[in-house]
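# What the coordinates show
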Amino acid sequence: MKKVLIISGHTDLRTSVANKAILEVLANKLPDAEIAELDSLYPDFNIDVKAEQRRLISADIIVLQFPIFWYSAPSLLERWMEATFLFGFSHGDNGDKLKGKKLILSFTSGAPEDMYTHDGWIGYTPDEFMSCFKATCKLCGIEYAGHVYTGGVSYAARTSPELAESQKEKSVKHAERLLELLRTL
Ligand SMILES: Cc1cc2nc3c(=O)[nH]c(=O)nc-3n(C[C@H](O)[C@H](O)[C@H](O)COP(=O)(O)O)c2cc1C
């Protein structure tokens with residue numbers, strides 16, 4: 001059985017609807033997976049590098065779970081990566097500890113999906129925004145295994161319990177798509 005590591009990069013899951021719902025489904029359906037919620041572990045951004053490197057070494061499949069913030073990953077997830085993916089560990093001389101592992105990006109956005117197209121208001125696709133992760137995979141010998149994306153889950157559109165509930169339902173479907181992708185790996 002492949003070991004799945006899920007890194008939650010949300011900066012405050014207490015305020016989350018989408019990422020929280022996705023993580024709840026994953027915890028339920030993948031009891032053997034390890035879930036690291038960076039906001040609880042590192043509210044001060046002071047990453048325990050050795051602990052995080054151990055987590056990575058023990059995983060076969062790494063899932064980065066996060067909301068899009070400013071067309072990128074949240075600062076906490078970026079910080080985690082900057083601190084953990086070190087020369088000699090993930091890349092560079094003898095830096096082969098992540099080689100052969102697989103990585104999935106699982107992310108949500110406030111803007112609806114049809115804005116994330118070349119003809120849409122944003123003008124770029126989610127895949128284009130995430131190319132930095134693909135380049136990182138290439139550098140580290142990680143196999144990029146694709147992304148699962150859900151748009152239209154903004155804070156601004158949660159103005160009633162019904163709207164929040166429909167975002168939650170969308171997020172549960174997202175988690176099911178992610179589980180399907182994991183089953184293929
Ligand atoms: C600081 C910040 C920046 C954001 N930047 C973007 C953005 O660039 N594009 C976008 O579509 N949504 C953006 N959003 C909306 C979030 O992606 C959205 O609220 C999140 O995916 C919902 O997930 P959650 O319920 O787990 O928090 C931003 C939200 C915050 C708080």
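Looking at an unreviewed UniProt entry, one finds the chain named NAD(P)H-dependent oxidoreductase and attributed to Xylanibacter caecicola.

Another aspect to go through is the side chain of D39. With respect to the secondary-structure elements, D39 resides in helix 2 (residues 38–41). One buried charged residue, D39, remains without a salt bridge, the closest side chain of opposite sign being R14 at 5.9 Å. Within the local environment of D39, its side chain forms a polar contact with the backbone nitrogen of L13, the two atoms lying 2.7 Å apart. Excluding residues within four positions of it along the chain, D39 makes contact with H10, T11, D12, L13 and L76.

With that settled, consider the site of the ligand. Around the ligand sit 18 residues in total, of which H10, S16, I68, T108 and R158 are the nearest. For the ligand, an oxygen atom lies 2.7 Å from a polar atom in the side chain of H10. In the environment of the ligand, an oxygen atom lies 3.1 Å from a nitrogen or oxygen atom belonging to the side chain of Y155. When the free accessible area of the ligand is taken as 630 Å², the share hidden by the protein chains comes to 81%. Tallied by class, the residues present in the shell around the ligand amount to 11 nonpolar, 6 polar and 1 charged.

It is the contact of helix 3 (residues 49–58) with helix 4 (residues 75–84), at a shortest axis distance of 9 Å, that shows an interaxial angle of 90°. Taken together, helix 3 and helix 4 sit at an angle that is classed as roughly perpendicular. Contact with helix 3, carried on its side by V49, E52, Q53 and L56, involves W80, A83 and T84 of helix 4 and no other residues of that element. Grouping the constituent residues of the contact of helix 3 with helix 4 by class yields 4 nonpolar, 2 polar and 1 charged.

Bringing the pairing of strand 1 (residues 4–8) into the picture now. Burial within strand 1 is extensive, with 5 of its 5 residues counted as buried. Burial along strand 1 is two-sided: the residues V4, I6 and S8 and L5 and I7 are all buried. Both strand 1 and strand 2 (residues 34–37) contribute to a ladder of 4 bridges, which runs parallel. Residue pairing across strands places I6 opposite I35, the latter belonging to strand 2.

What follows deals with a nonpolar patch on the surface. Among the surface-exposed residues, W70, Y71 and W121 lie close enough to one another that they form a single nonpolar patch of about 520 Å² accessible area. With respect to the helices and strands, W70 occurs in the loop between strand 3 (61–67) and helix 4. The exposure class assigned to W70 is exposed, which follows from its relative accessible area of 79%.

The next point concerns helix 6 (residues 131–140). The complete set of buried residues in helix 6 reads F133, C137 and C140. For helix 6, the buried positions fall inside an angular range of 75° around the axis, keeping them on one side. Exposed residues on helix 6 whose side chains face more than 90 degrees from its buried face are K138 and L139. In the stretch just after helix 6, G141 is the one whose phi turns positive, near 70°.

This part takes up the UniProt feature "domain: Flavodoxin-like fold" (unreviewed entry) in the chain. Feature annotation in UniProt assigns "domain: Flavodoxin-like fold" (unreviewed entry) to the following positions: residues 2–168. The span residues 2–168 is 35% helix and 19% strand, and its two end C-alpha atoms sit 28 Å from each other.

A separate point is the packing of aromatic side chains. Evaluation of the coordinates by the stated rule reveals 9 aromatic pairs. Pairing F107 with Y149 gives two aromatic rings, centres 5.4 Å apart and planes at 35°, and the pair type is tilted. Placement of the pair is F107 in strand 4 (residues 102–108) and Y149 in strand 5 (residues 143–150), with a sequence separation of 42 residues. Taken together, the ring pairs connect F66, Y71, F107, Y116, Y124, F129, F133 and Y149 into an aromatic cluster. The side chain of R158 reaches across the aromatic face of Y155, ending 4.6 Å from its centre.

Procedures and definitions
Residues numbered from 1 in each chain as written. Predicted model: local features only at pLDDT ≥ 70, side-chain atom pairs only at ≥ 80, totals over all residues. Heavy atoms only, no water. Helix = DSSP H or I, 4+ residues; strand = E, 2+ residues; numbered from the N terminus. Buried < 20%, exposed > 50% of the residue type's maximum accessible area, 1.4 Å probe, protein only. Lys, Arg positive; Asp, Glu negative; His and termini not counted. Salt bridge = Lys/Arg side-chain N within 4 Å of Asp/Glu carboxyl O. Polar contact = N/O pair within 3.5 Å; in protein donor to acceptor, adjacent residues only side chain to side chain. Contact = heavy atoms within 4.5 Å. Near = heavy atom within 4 Å. Areas by Shrake-Rupley, 256 points an atom, 1.4 Å probe, with all protein chains shown as cover. Nonpolar A, V, L, I, M, F, W, Y, C, P; charged D, E, K, R; others polar. Axes fitted to C-alpha atoms, helices over the stretch in contact; angles between N-to-C directions. Parallel < 35°, antiparallel > 145°, perpendicular 65-115°, else oblique. Pairing = 2+ DSSP bridges. Patch = residues over 30% accessible without salt bridge, like charges linked within 9 Å, V, L, I, M, F, W, Y side chains within 5 Å. Arc of directions from axis to C-beta. UniProt positions renumbered as here; feature names shortened; annotations may be inferred. Phe/Tyr/Trp six-rings, centres within 6.5 Å; stacked < 30°, edge-to-face > 60°. Lys NZ or Arg CZ within 6 Å of the ring centre and 35° of its normal.

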